[in-house]
Amino acid sequence: MRNLILSAALVTASLFGMTAQAADVPLEAGKTYVELANPVPVSVPGKIEVVELFWYGCPHCYAFEPTINPWVEKLPKDVNFKRIPAMFGGPWDAHGQLFLTLEAMGVEHKVHNAVFNAIQKEGKRLTKPDDMADFVATQGVDRDKFMATFNSFAIQGQIKQARELAQKYGVQGVPTMIVNGKYRFDLGSTGGPEQTLNVADQLIAKERAAK
């Protein structure tokens, strides 16, 4: 966990001290991005997949939100975007299970920002199921349904899948992005939030051209 926090800390300057570049970020395998030795199958065949691995407890993931969210809204129809919680133990696991529960209930898009704000700005830990349920209830989510879903067998299966995917992607810190199960990169390797999305755009175009 210490290495993960240190990895995240390395991108602080990129997040707060750099501006977007006018030209495309040079795509350099092994530097700007890493090409996975063993590509991971995408969740929706026929579409180009973009994955963001994140943690609600990560301040850099929180700072990335105002940049990545408008970008996601403008993605073309042949691109499928998905978030996957990084689950490396302790609060990472608790917050990951919270996200997966909200997603399974179909309310993640309504509550995601509120959860981030509660943890990052209001100092709420939200690591205990009862505290999570109480909080999401203030956001209009049925408390009992939340608890039932949180403790369900289906969510346990999704937790296992999220952990397996993070391992296959070789993720060591957050936020990290994966394009089409082949290319891994982050704010540190690209130079900042805008640059990260520029690299994503280029890799999406590369995969589209290869079809």
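Residues numbered from 1 in each chain as written. Predicted model: local features only at pLDDT ≥ 70, side-chain atom pairs only at ≥ 80, totals over all residues. Heavy atoms only, no water.

Looking at an unreviewed UniProt entry, one finds the protein named Thiol:disulfide interchange protein and attributed to Pseudomonas quebecensis. The Subcellular location (unreviewed entry) field of the UniProt record for the protein holds the comment "Periplasm". Looking at the protein in UniProt, the text filed under Sequence similarities (unreviewed entry) is "Belongs to the thioredoxin family. DsbA subfamily." (UniProt positions renumbered as here; feature names shortened; annotations may be inferred.)

Describing the packing of aromatic side chains
The tally for this structure, following the rule as stated, stands at 10 aromatic pairs. Taking the centre distance of 5.5 Å and the plane angle of 90° together, the rings of Y33 and Y183 count as edge-to-face. Of the two residues, Y33 sits in the loop between helix 2 (12-17) and strand 1 (34-35) while Y183 sits in strand 5 (residues 183-186), which places them 150 residues apart along the sequence. Note on Y183: relative accessible area 4%, which makes it buried. An aromatic cluster of three or more residues is present, and its members are F54, Y56, Y62, F99 and F116. (Phe/Tyr/Trp six-rings, centres within 6.5 Å; stacked < 30°, edge-to-face > 60°. Helix = DSSP H or I, 4+ residues; strand = E, 2+ residues; numbered from the N terminus. Buried < 20%, exposed > 50% of the residue type's maximum accessible area, 1.4 Å probe, protein only.)

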